[in-house]
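Descriptive structure summary
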Amino acid sequence: MHARTWKLATVIGLLTALGVAAAMTIMDWRRNPGGIFHNELGTDWIVVAETAFSWLWPVALLASLTTAIVLYAVAWLRGL
């Protein structure tokens, strides 16, 4: 169960992180604080990518670990 649990937790964590990173990056791009995301010349894709990545990795880590803990807790409770 250990390998399967970690694989599932990783997939769930990555999907959660992709959704959160996309949502937050889109919101920041639309609000455009300080004009750093886009201007009359177009979108600064480097800033967009940095913002997405800065949301992606911590959320993926946190969501994966949280999911693994929940899955192990459920497995432990079912074993009682």
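The text that follows walks through the structure, step by step, so that each part is easy to find. Computed from a predicted model, the values in this text were never measured in an experiment.

**Overview of the overall build of the protein**
Scanning the protein from terminus to terminus reveals two helices and two strands. Beginning at the N terminus, the succession of helices and strands in the protein can be written as α-β-β-α. A globule of 80 residues ought to have a C-alpha radius of gyration of about 12 Å, yet the protein, at 17 Å, is considerably larger. Looking at the 80 residues of the protein, the share that counts as buried comes to 22%. Across the protein, the fraction of contacts at a sequence separation of at least 24, relative to all contacts at a separation of at least 6, is 69%. Carbon and sulfur atoms form 73% of the exposed surface of the protein, whose accessible area is close to 6000 Å². Measuring between centres, the 5 positive side-chain charges of the protein sit 28 Å from its 4 negative side-chain charges.

**Looking at the packing of helix H1 (residues 2-31) against helix H2 (residues 45-78)**
Look at H1 against H2: their axes get within 6 Å of each other, and the N-to-C directions meet at 145 degrees. At the point where H1 passes H2, the crossing takes the right-handed sense. Per-class residue counts for the contact of H1 with H2 are 22 nonpolar, nine polar and one charged.

**With respect to H2**
Between its terminal C-alpha atoms H2 stretches 48 Å, which fits the 50 Å expected from 34 residues at 1.5 Å a residue. Val47, Val48, Thr51, Val59, Ala60, Ala63, Ser64, Thr67 and Ala68 are the residues of H2 that are buried. Looking at the packing, one finds that the buried side of H2 touches H1 and strand S2 (42-43).

**Focus: the environment of Leu77**
Examined against the element boundaries, Leu77 turns out to sit in helix H2. The exposure class of Leu77 is exposed, given its relative accessible area of 53%.

**Looking at unusual backbone geometry**
A positive phi angle is found at Asn32, which is not glycine, with a value near 50 degrees. Here Asn32 shows up in the loop between H1 and strand S1 (38-39).

About the thresholds
Residues numbered from 1 in each chain as written. Predicted model: local features only at pLDDT ≥ 70, side-chain atom pairs only at ≥ 80, totals over all residues. Heavy atoms only, no water. Helix = DSSP H or I, 4+ residues; strand = E, 2+ residues; numbered from the N terminus. Rg over C-alpha atoms; globule rule 2.2 N^0.38 Å. Buried < 20%, exposed > 50% of the residue type's maximum accessible area, 1.4 Å probe, protein only. Contact = heavy atoms within 4.5 Å. Areas by Shrake-Rupley, 256 points an atom, 1.4 Å probe, with all protein chains shown as cover. Lys, Arg positive; Asp, Glu negative; His and termini not counted. Charge placed at Lys NZ, Arg CZ, Asp CG, Glu CD. Axes fitted to C-alpha atoms, helices over the stretch in contact; angles between N-to-C directions. Left-handed = near helix turned anticlockwise from the far one by under 90°. Nonpolar A, V, L, I, M, F, W, Y, C, P; charged D, E, K, R; others polar. Expected span 1.5 Å × (residues − 1).

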